[in-house]
Amino acid sequence: MTSLAARTLIAVVFWPSLFFFWFLGPFVFFLLSTISSEVCPLLERRNQFLEAANGTLPMLALQSLIYAIPIVCLVLWSRLLPNPARARHVAICIKLFAIAVITGALWEYGSSLICDGYGQPFFSPLWQMTSYLPIITLALNIPLYLLVFSLGRGFSTRDDITEDGVVHPRQDGP
């Protein structure tokens, strides 16, 4: 398989996963991963509540794996087209992504621990502080989205086409 074909296949996975998972996915996963308002009034004891909150952990793990698809595509692209400057940016993306996943999972898990159906604090006020984590997640995701988008654009654009649309043959061979 040629390098251009491999880059094209990665682009076919990267762009849809970026737009559908990263831009639409958070809304869907947020609705699925937190305990709904119908469940909270049914929980009366701390262990029931904790068990229901722990039931969200597989969804959070699945969410993180799905969100990692664009990052994996960037890593594959950087293997096909080694470039030290892009490799540093991909490493920054990986670090930002890891921090954003941990912060987002902590927020979603923490938000599922907040309500108990009766207004009684089952858990320490520290869990109630997780309501501020979306601000941190947003502060991490904005530069992450911009960097991933620009890297994806750079990797998926052909190197042999100039700004005026003229195709130039490669000098270093196929």
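What counts and how
- Residues numbered from 1 in each chain as written.
- Predicted model: local features only at pLDDT ≥ 70, side-chain atom pairs only at ≥ 80, totals over all residues.
- Heavy atoms only, no water.
- Buried < 20%, exposed > 50% of the residue type's maximum accessible area, 1.4 Å probe, protein only.
- Helix = DSSP H or I, 4+ residues; strand = E, 2+ residues; numbered from the N terminus.
- Arc of directions from axis to C-beta.
- Core = buried A, V, L, I, M, F, W, Y, C linked by side-chain atoms within 4.5 Å.
- Contact = heavy atoms within 4.5 Å.
- Expected span 1.5 Å × (residues − 1).
- Axes fitted to C-alpha atoms, helices over the stretch in contact; angles between N-to-C directions.
- Parallel < 35°, antiparallel > 145°, perpendicular 65-115°, else oblique.
- Left-handed = near helix turned anticlockwise from the far one by under 90°.
- Nonpolar A, V, L, I, M, F, W, Y, C, P; charged D, E, K, R; others polar.
- Patch = residues over 30% accessible without salt bridge, like charges linked within 9 Å, V, L, I, M, F, W, Y side chains within 5 Å.
- Areas by Shrake-Rupley, 256 points an atom, 1.4 Å probe, with all protein chains shown as cover.
- Salt bridge = Lys/Arg side-chain N within 4 Å of Asp/Glu carboxyl O.

**Structural notes on helix 3 (residues 57–67)**
Now for step 1: Taken as a whole, helix 3 has its buried residues at Leu60, Gln63, Ser64, Ile66 and Tyr67. Buried residues of helix 3, viewed axially, fall in a sector of 165°; they line one side. Projecting away from the buried face of helix 3 at angles above 90 degrees are the exposed residues Pro58 and Leu65.

**Brief notes about the environment of Phe21**
Now for step 1: Locating Phe21 in the fold gives a position in helix 1 (residues 3–33).
Now for step 2: For Phe21 and Ile69, which are 48 residues apart along the polypeptide, the C-alpha to C-alpha distance reads 8.8 Å.

**Let's talk about the nonpolar core**
Now for step 1: Among the nonpolar cores identified, the biggest contains 24 residues, and Phe14, Trp22, Leu74, Cys93 and Val148 are the most heavily contacted of them.
Now for step 2: Broken down by secondary-structure element, the contributors of at least two residues to this core are helix 1, helix 4 (69–80), helix 5 (84–114) and helix 7 (133–156).
Now for step 3: Non-local contacts of Cys93, meaning those with residues more than four positions away in its chain, are made with Ile71, Leu74, Leu144, Leu147, Val148 and Leu151.

**Description of helix 4**
Now for step 1: Over its 12 residues, helix 4 extends 17 Å from the first C-alpha to the last, a length consistent with the 16 Å expected when each residue adds 1.5 Å.
Now for step 2: Considered for burial, the residues of helix 4 that qualify are Pro70, Ile71, Cys73, Leu74, Trp77 and Ser78. End-on view of helix 4: buried residues confined to an arc of 155°, all on one side of the axis.

**A word on the packing of helix 4 against helix 7**
Now for step 1: Contact geometry for helix 4 and helix 7: axes closest at 10 Å, N-to-C directions at 40°. Comparing the axis directions of helix 4 and helix 7 gives the class oblique. Of the two possible hands of crossing, helix 4 and helix 7 adopt the one that is left-handed. On the side of helix 4, the interface is formed by Pro70, Ile71, Leu74, Trp77 and Ser78, while helix 7 contributes Val148, Leu151, Gly152, Phe155 and Ser156.
Now for step 2: Residue composition of the contact of helix 4 with helix 7, by class: 7 nonpolar, 3 polar and no charged.

**What to know about a nonpolar patch on the surface**
Now for step 1: The grouping of Phe19, Phe20, Phe23, Leu24 and Phe149 at the surface amounts to a nonpolar patch, some 480 Å² of accessible area in total.
Now for step 2: Among the elements that take part in the nonpolar patch, helix 1 stands out by supplying 4 residues, more than any other.
Now for step 3: Among the structural elements, Phe20 can be located in helix 1.

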